[in-house]
Each structure stands twice: as structure tokens, then as C-alpha cells.
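If you want the building blocks of each chain, they are given just below.
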Amino acid sequence: MKSIQKSGEDYLEAVYNLYQKDPKVRSIDVAKALGVSKPSTFRALQNLAEQGYLNKENYGTPTLTPKGIEYAEAVLKKHGAIRMLLIDVLKVSPEVAEVDACKIEHEISEETTERLYEFLNIK
């Protein structure tokens, strides 16, 4: 899957996670979840829409496309695997593991990710 920028991944994750709670995701909800400004969120969501990861009307709610859902789920799977490794294997506290997993998920190679899944027996 073609890689997108770290910030784009964060926005996709936020939209995905918010959508799980309420399908009527608003841009302001995404901005609050990420602790960023509304104008930054608007630009990021527009960029993701232009790349085909979500549908965004000027005043409508952003919705993930199938491509966006696939990418968000892949990032969340990677995040969860890294978090699991840090907590279960390395015995890092859950709070630190969460912060570190957010950082690592954007930088880890595909090869290392696959080996991590094999090590943790994640399909």
C-alpha cells in the first residue's frame, strides 16, 4: 500500500476511531481528537480526499473510502502490534507504550512489520 505522510495517517486514524463511535464525524471532532486547529484539519482532510482516502464535502462530514478504511485499519493493526510488543515482551508501561507506538508506527519498515506480526502470531 502506498505510504502517506505521518500527519495524514494520524488524521485517517482519528476519523476511523471517531467513526466507530458515531458515523457523523465532524471536522471539529477530528481537530479536537488530534489537538490541532480547525484550518489545519480542513487542509489535511482536503488532501486526504484528493488522494482518495476519504470523501469530504465542503460542509459535510468526512467519510472514509474503502481505500481509506483499508489504510486506517493497517495503521491501527501496526500500532496495536507495536504496543503489544512493548507491553507484553519489553514490559513497558501501557502509557509509555502508547506514546512510543504512535511514534514507531510511522517509521517502521514493511519488512520489520511483517516479522513483528509473525513474532506475535498476528494475521
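Data block above holds the structure.
Everything quoted here is computed from the prediction, not taken from an experiment. (Residues numbered from 1 in each chain as written. Predicted model: local features only at pLDDT ≥ 70, side-chain atom pairs only at ≥ 80, totals over all residues. Heavy atoms only, no water.)

Colleague: It is not clear to me how the nonpolar core should be interpreted in this structure. Could you clarify?
Modeller: Note on soluble globular proteins: their nonpolar side chains tend to be buried together. The biggest cluster of nonpolar side chains holds 18 residues, and the ones touching the most others in it are Leu12, Val30 and Leu48. Listed by contribution, the elements that provide at least two residues to this core are helix H1 (6-21), helix H3 (38-50) and helix H4 (66-89). Take this core: its biggest share by element is 6 residues, from H1. In this structure Leu48 touches Ile4, Gly8, Tyr11, Leu12, Tyr53 and Leu54, once residues within four positions along its chain are discounted. One finds Ile82, Ala101, Ile108 and Tyr117 within the second-largest nonpolar core, a separate group that totals 9 residues. (Core = buried A, V, L, I, M, F, W, Y, C linked by side-chain atoms within 4.5 Å. Buried < 20%, exposed > 50% of the residue type's maximum accessible area, 1.4 Å probe, protein only. Helix = DSSP H or I, 4+ residues; strand = E, 2+ residues; numbered from the N terminus. Contact = heavy atoms within 4.5 Å.)

Colleague: What am I meant to see in H3 here?
Modeller: Helix length check: H3, at 13 residues, gives a terminal C-alpha distance of 18 Å against a target of 18 Å (1.5 Å per residue), a fit within 8%. Where H3 is concerned, the buried positions are Thr41, Ala44, Leu45 and Leu48. On an axial view of H3, the arc spanned by its buried residues comes to 95°, and they lie on one face. Facing away from the buried side of H3 by more than 90 degrees, the exposed set consists of Arg43 and Glu50. Where the residues of H3 are buried, they touch H1, helix H2 (27-34) and strand E1 (54-55). Just beyond H3, the residue with positive phi is Gly52, at close to 85°. (Expected span 1.5 Å × (residues − 1). Arc of directions from axis to C-beta.)

Colleague: Sorry, what's going on with the packing of H4 against helix H5 (residues 94-104) here?
Modeller: Each packed pair of helices is defined by two parameters, the angle between the axes and the distance between the axes. Taken N-terminus to C-terminus, the directions of H4 and H5 make an angle of 140°; their axes are 9 Å apart at the nearest point. Taken together, the axes of H4 and H5 lie oblique to each other. When you trace H4 past H5, the crossing you get is right-handed. Contact residues: H4 offers His79, Ile82, Arg83, Leu86 and Ile87, while H5 offers Pro94, Ala97, Glu98, Asp100, Ala101, Cys102 and Ile104. Counted by class, the contact of H4 with H5 contains 8 nonpolar, 1 polar and 3 charged residues. (Axes fitted to C-alpha atoms, helices over the stretch in contact; angles between N-to-C directions. Parallel < 35°, antiparallel > 145°, perpendicular 65-115°, else oblique. Left-handed = near helix turned anticlockwise from the far one by under 90°. Nonpolar A, V, L, I, M, F, W, Y, C, P; charged D, E, K, R; others polar.)

This is a description of form; function is not addressed.
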